[in-house]
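Residue-level structural notes
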Amino acid sequence: MKYDVIIIGAGPGGIFSAYELTKKKPELKVAIFEAGHSLEKRRCPIDGDKVKTCIGCKTCAIMSGFGGAGAFSDGKYNITNDFGGTLYEYIGKEKATRLMKYVDEINVSHGGEGTKMYSTAGTDFKKSCMQNKLTLLEASVRHLGTDINYVVLEHLYDELKPQVDFFFDTPVDRLEILKDGYRIHFGDNSADCRKCIVSVGRSGSKWMERVCGELSIPTKSNRVDIGVRVELPAVIFAHLTDELYESKIVYRTEKFEDNVRTFCMNPYGIVVNENTNGIITVNGHSFEDEEKKTENTNFALLVAKHFSEPFKDSNGYGEGIARLSNMLGGGVIVQRFGDLERGRRSNQKRIEEGTVRPTLAATPGDLSLVLPNRILDGIVEMIYALDKIAPGTANDDTLLYGVEVKFYNMEVELDKNLETRYKGLYVIGDGSGVTHSLSHASASGVYVADRISEEM
Ligand SMILES: Cc1cc2nc3c(=O)[nH]c(=O)nc-3n(C[C@H](O)[C@H](O)[C@H](O)COP(=O)(O)OP(=O)(O)OC[C@H]3O[C@@H](n4cnc5c(N)ncnc54)[C@H](O)[C@@H]3O)c2cc1C
């Protein structure tokens with residue numbers, strides 16, 4: 001098997017590099033190798049009935065397969081350089097923004113027409129945030145919603161299928177450097193290419209680490225974000241979410257001067273389990289479809305932990321804390337804010353008596369036994385700060401699910417073309433450590449495809 005370009009991973013990074021290559025250089029022979037299933041076969045066996053918890057499938061249908069980790073996500077494409085990655089450090093802010101807008105146009109023309117674009121430009125919330133020691137980050141956000149996001153992926157696949165060779169359920173084991181290109185090994189087979197784009201995302205982080213080690217590509221890693229997912233009646237945040245949909249708000253804690261931030265806001269959404277390498281953490285979704293909307297809004301409150309030498313395993317630290325919650329709760333733990341403040345665990349009865357109906361069946365428990373004091377203090381401080389701009393946030397019945405962990409891939413050393421020290425070997429998307437979001441990952445794919453198109 002010989003290709004001009006092989007892409008490893010069919011998440012947004014891989015999809016958009018393939019898309020751009022087929023537009024700019026339709027004559028190139030392109031293949032995508034993906035560890036997970038094709039889109040229609042992606043189904044998590046947890047049904048809440050027969051299968052209640054993760055059974056450790058060979059590849060996780062939520063994180064892997066066509067569409068990558070974002071396939072069942074809320075499909076929030078944030079167009080901003082303020083968060084979601086540091087692509088702008090490599091390609092400049094203007095170009096990064098332009099590419100994110102280009103990705104948005106493609107999404108809109110592939111099923112996303114009619115979805116709403118929100119923006120922080122000109123909002124009054126900026127002022128009220130400032131008056132309460134909170135900072136509202138600038139962004140425009142296209143909210144596709146889980147359902148439309150899926151439709152867009154279906155359309156992109158249909159368009160790519162005749163032009164690109166897809167190999168699903170085919171994890172790439174090894175990457176070999178040849179004199180004039182690259183050889184990828186999968187099972188007992190191999191395929192050669194002139195250029196290789198690695199886009200393995202978060203689920204491929206351990207693989208990426210091994211490959212970088214084998215090929216002596218320098219990396220660095222020092223960050224993990226840890227926190228909880230907050231769930232409350234949607235009406236409490238409606239004035240913010242109706243105007244901005246997703247507001248990224250940062251609070252600097254008084255006690256430790258740590259930054260706590262809101263992350264992944266899901267108005268009228270649901271809280272869900274997430275499986276990262278067998279560890280169950282929490283996340284959230286929301287839907288465009290009116291019928292699927294709930295009466296709750298959820299969002300994460302995360303504290304960034306940066307480590308310095310000699311400690312290097314920031315993800316291991318996050319995993320350790322998530323494992324602790326899994327050990328105590330058999331999965332995700334839920335606690336009422338009032339119980340947390342009174343220093344007692346929540347139990348089923350108190351949750352049922354509360355006014356907020358949980359959208360995830362989690363185990364009632366005590367988050368103070370799981371989260372380090374410094375992190376929990378920061379979260380509590382921020383809940384009270386948010387209560388000033390959205391009164392009711394600090395109500396006793398507000399639910400906190402833990403733990404939410406945002407793992408960061410180690411950063412791969414790349415040049416301004418997102419190319420490694422090997423000419424023609426590119427690393428993009430979340431697997432590179434450069435991006436942490438749908439729009440940045442997709443934009444990095446377009447960018448590298450353009451570089452390759454110019455060269456070939
Ligand atoms: C539940 C959830 C909700 C999210 N919601 C949002 C959101 O609303 N907005 C937002 O901006 N971001 C969101 N994110 C993050 C977003 O999904 C990622 O930033 C984005 O998917 C990264 O794209 P990627 O292509 O770099 O990697 P991924 O999407 O992770 O794709 C990588 C692909 O590579 C494959 N792979 C890995 N290793 C190998 C290998 N060895 N061989 C072959 N294939 C391999 C994987 O199976 C996977 O399909 C969410 C993430 C999750 C999990």
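Here we summarise the structure given alongside this text. (Residues numbered from 1 in each chain as written. Predicted model: local features only at pLDDT ≥ 70, side-chain atom pairs only at ≥ 80, totals over all residues.)

1. Things to note about the overall build of the chain
Here is the rule: Under the DSSP-based scheme used, a helix requires at least four consecutive residues in state H or I and a strand at least two consecutive residues in state E, with every element numbered from the N terminus. We take the radius of gyration over the C-alpha atoms and set the globule estimate at 2.2 Å times the residue count to the 0.38 power. The burial label depends on the number of other C-beta atoms within 10 Å of a residue's C-beta. Counts of 20 or more mean buried, 12 or fewer mean exposed, and intermediate counts mean partly exposed, with C-beta atoms placed from the backbone. Residue pairs qualify as contacts under a 7 Å threshold applied to their C-beta atoms, which are placed from the backbone.
When helices and strands are counted, the chain shows 12 helices and 22 strands. In terms of overall size, the chain behaves like a compact globule, its C-alpha atoms giving a radius of gyration of 22 Å where 456 residues would be expected to give roughly 23 Å. Its C-alpha atoms give the chain principal-axis dimensions of roughly 65 × 45 × 45 Å. In the chain, buried positions account for 50% of the 456 residues. When contacts within the chain are restricted to residue pairs at least 6 apart in sequence, long-range pairs at least 24 apart make up 77% of them.

2. Remarks on the site of the ligand
Filter applied, for reference: What makes a residue near a molecule or strand is its C-beta atom, placed from the backbone, lying within 6 Å of it. Polarity classes work like this: nonpolar for Ala, Val, Leu, Ile, Met, Phe, Trp, Tyr, Cys and Pro, charged for Asp, Glu, Lys and Arg, and polar for all others, with Gly in that last group.
Inspection of the region around the ligand gives 42 residues, with Gly9, Gly11, Gly68, Gly201 and Gly429 positioned closest. Here the shell around the ligand is built from residues that sort into 13 nonpolar, 23 polar and six charged.

3. A closer look at the sheet that holds strand 20 (residues 399-407)
Selection criterion: Pairing between strands is defined by DSSP: at least two bridges between them are needed. Note on method: axes are straight lines fitted to C-alpha atoms, helices fitted across the in-contact stretch only, with angles between N-to-C directions ranging 0 to 180 degrees.
With mixed pairing, the eight strands of this open sheet are ordered in space as 5-13-14-17-12-20-18-19. Among the strands making up the open sheet, the edge pair consists of strand 5 (134-136) and strand 19 (363-364). Along the sheet face, helix 8 (residues 314-329) touches strand 12 (223-233), strand 17 (296-306), strand 18 (333-336), strand 19 and strand 20 and points at about 150° away from the line of strand 20.

4. Section: the sheet that holds strand 3 (residues 76-79)
Pairing within the open sheet is antiparallel, and its three strands lie in the order 3-6-4. Edge positions in the sheet fall to strand 3 and strand 4 (116-119), since each of these pairs with one other strand and no more. Across the sheet, the mean angle separating the axes of adjacent strands is 20° when strand polarity is ignored. Pairing between strand 4 and strand 6 (residues 140-143): four bridges, direction antiparallel. In the strand pairing of strand 6, Tyr118 is matched with Val141. Contacts from helix 3 (residues 93-112) reach strand 3 and strand 6 within the one sheet, and its direction differs from that of strand 3 by about 150°.

5. Side note on the environment of His143
Tracing the sequence through the fold places His143 in strand 6. Spatially, the C-alpha atoms of His143 and Asp74 are 7.4 Å apart, while their sequence positions differ by 69 residues. If sequence neighbours within four positions are ignored, His143 has contacts with Gly75, Lys76, Thr115, Lys116, Tyr118 and Tyr245.

6. A word on unusual backbone geometry
Between Gly402 and Val403 the backbone carries a cis peptide bond, its omega angle lying at 0°. Backbone geometry places Glu257, a non-glycine residue, at a positive phi of 55°. Here Glu257 lies in the loop between strand 13 (249-252) and strand 14 (259-266). On the basis of neighbour count, Glu257 is assigned to the exposed category, with 8 C-beta atoms found within 10 Å. Although it is not a glycine, Leu418 adopts a positive phi angle of roughly 60°.

7. Comments concerning the pairing of strand 15 (residues 270-276)
In terms of residue burial, strand 15 counts as a mostly covered element, since five of its seven residues are buried. Summarising the sheet, strand 15 and strand 16 (residues 279-285) pair through seven bridges and their orientation is antiparallel. Bridge pairing in strand 16 places Glu274 opposite Thr281. The turn linking strand 15 back onto strand 16 is made up of two residues, and Asn277 within it adopts a positive phi angle of 50°.

8. Details of helix 12 (residues 438-455)
Under the convention used in this document: Expected helix span is computed as 1.5 Å times (number of residues minus one).
Over its 18 residues, helix 12 extends 26 Å from the first C-alpha to the last, a length consistent with the 26 Å expected when each residue adds 1.5 Å. By the criterion of burial, helix 12 is predominantly enclosed, with 13 of the 18 residues buried.

9. Section: helix 1 (residues 12-24)
Helix length check: helix 1 (13 residues) gives 18 Å between terminal C-alpha atoms against 18 Å at 1.5 Å per residue, within 8%. Counting buried residues along helix 1, 10 of its 13 residues qualify, which places the element largely inside the surrounding structure. Along helix 1, the positions that sit buried rather than exposed are Pro12, Gly13, Gly14, Ile15, Phe16, Ser17, Ala18, Tyr19, Glu20 and Leu21.

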